[in-house]
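Descriptive structure summary
Residues per chain, in single letters:
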Amino acid sequence: MSELALLGGTPVFSDKKAPEELFKWPIITQEDIDAATDVIVNNRFSGTEITTQFEAEFAQWQGRRFGLCFTNGTMSLAAAMFAIGLGEGDEIICPTKTYWASIAYAIHLGAKVTFCNINDNMCLDPADLERCITPRTKAIMVVHYMAYPCDMDAIMEIANRHNLYVIEDVSHGHGTMYKGKKAGSFGHIAAMSMMSQKGFAAGELGMLVTDDRRLYERALAYGHYERNNDNFILEADEIKDFYHIALGGVKGRANQLCVALARGQLRHFDARVAEIRQAMNYFYDGIEGLPGLTPRRVDESDGSTMGAYYVPKIKYKPEELEGLSASRFAEAVAAEFNGSYRCASGANRNLHIHKYFQTFDPFHSTAPKAEGGVVDASLNKADEVYCVSAPWFKHFEPEWIDLFITAYKKVVENYRDLLPGDENRIEGQWYGSDYDKDYTKKK
């Protein structure tokens, strides 16, 4: 009988379970509870006095001139697209592997999305950018996917050469550094989610940052009717005739309960993230060199980091394990965890295969506006970038991390026992439903 727990053996975590605190996030202290209580007791949910304080604090931390809070990250990304003037007939480039909120709103502005390929780090591949650019291209949406910093030197060089806006989606990359500078500090504007499970977690919240006063004002007018007036709109002359109404037709003002939590999280964020990085690097050092597995992390010697390591992934190379599928491998690892943590294969599915970007017509027009752009055959190689999840440690506790390392090593050492009956299953997911049969087939 195999030693693998999935096949009847004894799990690595057979007689113990990892402590909840090893993974619990965000870290909530009395300081956070007191700040939240103040909002509740004094009915300060819908004001802006706490929000404007946090906007200034976060902008300073981010290294940008302006910060602007929104109800969530999706709305902050929508405001960024509105701010640059994305509209009818424009095209915007986006990596095909990301969460839909990175780019879906472009369709409602009448723009077309052209999907760019990813590299083996699952980030936008600068080598594929030029293929995507046409005379109608207005912007590039850069996603620091699952905390990995994109190659901003190459991306900005191409964007500047073609006079394109760059929007950075930092929803996965709070605190991530690229060559000593924070992700979200390179493009013309950046936006991010701060929902309750993100690397920077503050309930349900979004943030936009920029150095451009005009872009800031347009984003503010998009969803902040109480600040769409001549006290705040100083440079964006084209919107001054429309004061007092949110130009996006939406109410984006943040709930100050979340903002109060965010202020406390920011004060301790750098120290907490430093411990996360210490723990994750210890874990990755422990699995380095195992066949089939390559740690997905950066070389920190040039000042780059993985921030809070949001949803850490391990690159998976099936060819090194005789073609064993990532799904089967992850299933076996999860069995070794025995409920201490989960292990899954894949990530977000590639958006270019979703019908939303092919045929959805929000305007009920004769010609659908939601065209997926140039779906080049090279995008198919995004299907061959495999990964399995790694435990997302929030504290550096080597005695526990060593047990997780043992679980991965055990599955690698016994992988041949998993080959019989293995299926080539689809990796990743759409959120909320199972659309496997409708949208894609695994080769």
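A brief look at the structure comes next. (Residues numbered from 1 in each chain as written. Predicted model: local features only at pLDDT ≥ 70, side-chain atom pairs only at ≥ 80, totals over all residues. Heavy atoms only, no water.)

**So, the overall build of the protein chain**
Of regular secondary structure, the protein chain possesses twelve helices and twelve strands. By the compact-globule yardstick of 22 Å for 443 residues, the protein chain fits well, its C-alpha radius of gyration being 23 Å. C-alpha atoms of the protein chain, sized along the principal axes, occupy 75 × 55 × 40 Å. Counting contacts in the protein chain only where the partners sit at least 6 residues apart, residues at least 24 apart contribute 72% of the total. When the accessible area of the protein chain is evaluated, it comes to approximately 18,100 Å², of which 49% is carbon and sulfur surface. (Helix = DSSP H or I, 4+ residues; strand = E, 2+ residues; numbered from the N terminus. Rg over C-alpha atoms; globule rule 2.2 N^0.38 Å. Contact = heavy atoms within 4.5 Å. Areas by Shrake-Rupley, 256 points an atom, 1.4 Å probe, with all protein chains shown as cover.)

**Some details on the pattern of salt bridges**
Counted under the stated rule, the structure contains 22 salt bridges. Notably, a salt bridge pairs glutamate 130 with arginine 161, separated by 2.8 Å at the nearest N-O pair. In this pair, glutamate 130 is assigned in helix H5 (residues 129-132) and arginine 161 in helix H6 (residues 152-161), connecting sequence segments 31 residues apart. Assessed through its relative accessible area of 47%, arginine 161 is described here as partly exposed. (Salt bridge = Lys/Arg side-chain N within 4 Å of Asp/Glu carboxyl O. Buried < 20%, exposed > 50% of the residue type's maximum accessible area, 1.4 Å probe, protein only.)

**A closer look at the packing of helix H1 (residues 30-41) against helix H8 (residues 256-287)**
At a minimum axis distance of 9 Å, the contact between H1 and H8 shows a crossing angle of 155°. The angle between H1 and H8 places the two elements in the roughly antiparallel class. In terms of crossing hand, the pair formed by H1 and H8 is right-handed. Contact with H1, carried on its side by Glu31, Asp32, Ala35, Ala36, Val39 and Ile40, involves Gln256, Leu257, Ala260, Leu261, Gly264, Gln265, Arg267 and His268 of H8 and no other residues of that element. Taken together, the residues of the contact of H1 with H8 sort by class into seven nonpolar, four polar and three charged. (Axes fitted to C-alpha atoms, helices over the stretch in contact; angles between N-to-C directions. Parallel < 35°, antiparallel > 145°, perpendicular 65-115°, else oblique. Left-handed = near helix turned anticlockwise from the far one by under 90°. Nonpolar A, V, L, I, M, F, W, Y, C, P; charged D, E, K, R; others polar.)

**Quick look at the nonpolar core**
Counting residues in hydrophobic clusters, the biggest one holds 144 residues, and the most contacted among them are Phe54, Phe58, Ile92, Ile103, Phe283, Phe329 and Tyr408. Of all the elements, H8 adds the most residues to this core, at 13 residues. Here isoleucine 103 is in contact with Met81, Ile92, Cys94, Val113, Phe115, Met141, Leu351 and Phe357, once residues within four sequence places are set aside. (Core = buried A, V, L, I, M, F, W, Y, C linked by side-chain atoms within 4.5 Å.)

**Regarding the pairing of strand S4 (residues 137-143)**
Counting buried positions along S4 gives six out of seven residues, so the element sits mostly inside the fold. The sheet contact formed by strand S2 (residues 91-95) and S4 spans three bridges and is parallel. Counterpart to glutamate 91 in the pairing with S4 is threonine 137. With five bridges connecting them, S4 and strand S5 (residues 165-169) associate as parallel partners. Residue isoleucine 140 lies in a different strand from S5, and its bridge partner there is valine 166. (Pairing = 2+ DSSP bridges.)

**What to know about the sheet that holds strand S9 (residues 206-210)**
Strands pair in a sheet through their backbones, by hydrogen bonds, and they do so in one of two ways: parallel or antiparallel. Taken in spatial order, the seven strands line up as S1-S9-S8-S5-S4-S2-S3 in an open sheet, and their pairing is mixed. Edge positions in the open sheet fall to strand S1 (66-70) and strand S3 (112-116), since each of these has one partner strand only. Sheet twist, expressed as the mean angle between neighbouring strand axes with direction ignored, is 20°. Of the strands in this sheet, S1, S2, S4, S5, strand S8 (189-193) and S9 touch helix H3 (residues 73-83), which is tilted by about 165° from S8. Packed onto the sheet, helix H7 (residues 213-223) meets S1, S5, S8 and S9 and runs at close to 15° relative to S1.

**Comments concerning the packing of aromatic side chains**
With the rule as written, the count across this model stands at 30 aromatic pairs. With a centroid separation of 5.1 Å and 90° between ring planes, the pair formed by phenylalanine 115 and phenylalanine 357 is classed as edge-to-face. Of the two residues, phenylalanine 115 sits in strand S3 while phenylalanine 357 sits in helix H10 (residues 356-359), which places them 242 residues apart along the sequence. Side by side, phenylalanine 115 and phenylalanine 357 carry an identical accessibility label, which is buried. Aromatic ring contacts, followed pair by pair, group Phe13, Phe23, Phe283, Tyr284, Tyr309, Phe337, Tyr341, Phe393, Trp400, Phe404 and Tyr408 into a single cluster. (Phe/Tyr/Trp six-rings, centres within 6.5 Å; stacked < 30°, edge-to-face > 60°.)

**Side note on the environment of glycine 252**
Mapped onto the elements, glycine 252 comes out in the loop between H7 and H8. Among residues more than four places away in sequence, those in contact with glycine 252 are Cys69, Phe70, Thr71, Met75, Gly223 and His224.

**Remarks on the packing of helix H9 (residues 326-337) against helix H11 (residues 398-413)**
Their axes nearest at 9 Å, the elements H9 and H11 cross at an angle of 135°. Put simply, H9 runs oblique to H11. H9 and H11 meet at a crossing whose hand is right-handed. Contacts between H9 and H11 involve Phe329, Ala332, Val333, Glu336 and Phe337 from the first element and Phe404, Ala407, Tyr408, Lys410, Val411 and Val412 from the second.

**Some remarks on the state of the cysteines**
Tallied over the full model, the rule gives zero disulfides. The thiol of cysteine 69 is unpaired, and the distance to the nearest cysteine sulfur, on cysteine 258, comes to 9.7 Å. Residue cysteine 343 stays outside any disulfide, its sulfur separated by 9.7 Å from that of cysteine 387, the closest cysteine. For cysteine 343, a relative accessible area of 10% corresponds to the buried category. (Disulfide = S-S within 2.5 Å.)

**Re the sheet that holds strand S10 (residues 293-295)**
Taking strand neighbours across the sheet as the criterion, the three strands line up as S10-S11-S12 in an open arrangement whose pairing is antiparallel. Each end of this open sheet is capped by a strand with a single partner; those strands are S10 and strand S12 (386-389). Averaged over all adjacent pairs, the angle separating strand axes in this sheet is 40°, with direction ignored.

**Notes on the environment of phenylalanine 393**
Checked against the element boundaries, phenylalanine 393 lands in the loop between S12 and H11. Overall, the relative accessible area of 0% leaves phenylalanine 393 in the buried class. Separated by 114 residues in sequence, phenylalanine 393 and alanine 279 have C-alpha atoms that sit 6.2 Å apart. Once residues within four sequence positions are removed from consideration, phenylalanine 393 is found in contact with Leu22, Phe23, Ile276, Ala279, Met280, Phe283, Ile401 and Phe404.

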